[in-house]
Amino acid sequence: MAILFSKATLASGGSSITFLIAGAPSTVEGFDGWTAYHSFIEGLPAGTEVQVRITAYTYGERDVVVATPEEIAYMDMRIRMRPDFLESRCQMYAEIDFSFTRE
């Protein structure tokens, strides 16, 4: 089994945030329920455009399943222990760019 997760970077004006998220979201709805996303968005005024860069990875082999929140926490821990973890231990799955306007 391979888990699917992404490094998400959101940027608006001079502010940005990077965090891990389950799956490979290609729309803003994919961020629902993720604390880092909500914390970043709450600090932006309505009407602000947000640029999103998703770099999706798999960890493991064979069938791909979306990572659970617990697996995301584990991947985050692994990255803190070994900064090159994504490049050395994971397979890049996809790169996705999109933008949205904060309502």
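Residues numbered from 1 in each chain as written. Predicted model: local features only at pLDDT ≥ 70, side-chain atom pairs only at ≥ 80, totals over all residues. Heavy atoms only, no water.

(A) Here's a closer look at the packing of aromatic side chains. Summed over the entire model, instances satisfying the criterion amount to 6 aromatic pairs. When the centroid spacing of 6.3 Å and the interplanar angle of 55° are considered together, the rings of Y37 and F100 count as tilted. Placement of Y37 in helix α1 (residues 35-42) and of F100 in strand β5 (residues 91-101) is noted, with a sequence separation of 63 residues between them. Residues Y37 and F100 agree in their burial class; the two are buried. Judged by centre distance (5.5 Å) and plane angle (45°), the rings of Y59 and F85 are tilted. Of this pair, Y59 sits in strand β3 (residues 49-60) while F85 sits in helix α3 (residues 85-89), placing them 26 residues apart in sequence. In this structure Y59 comes out as partly exposed when scored by relative accessible area, which is 26%. (Phe/Tyr/Trp six-rings, centres within 6.5 Å; stacked < 30°, edge-to-face > 60°. Helix = DSSP H or I, 4+ residues; strand = E, 2+ residues; numbered from the N terminus. Buried < 20%, exposed > 50% of the residue type's maximum accessible area, 1.4 Å probe, protein only.)

(B) Main features of unusual backbone geometry. The phi dihedral of R62 is positive, around 75°, even though this residue is not glycine. Note that R62 resides in the loop between β3 and β4 (64-66). Judged by relative accessible area, which is 75%, R62 ranks as exposed.

(C) Layout of the pattern of salt bridges. Applying the stated rule across the entire model yields 4 salt bridges. Here R53 makes a salt bridge to E95, at a shortest N to O gap of 3.0 Å. Within this pair, whereas R53 is found in strand β3, its partner E95 is found in strand β5, the two being separated by 42 residues in sequence. We classify R53 as partly exposed; its relative accessible area is 32%. Here D76 makes a salt bridge to R80, at a shortest N to O gap of 3.1 Å. Linking D76 with R80, this pair stays in helix α2 (residues 69-81), spanning 4 residues, or about one helical turn. The exposure class assigned to R80 is exposed, which follows from its relative accessible area of 59%. (Salt bridge = Lys/Arg side-chain N within 4 Å of Asp/Glu carboxyl O.)

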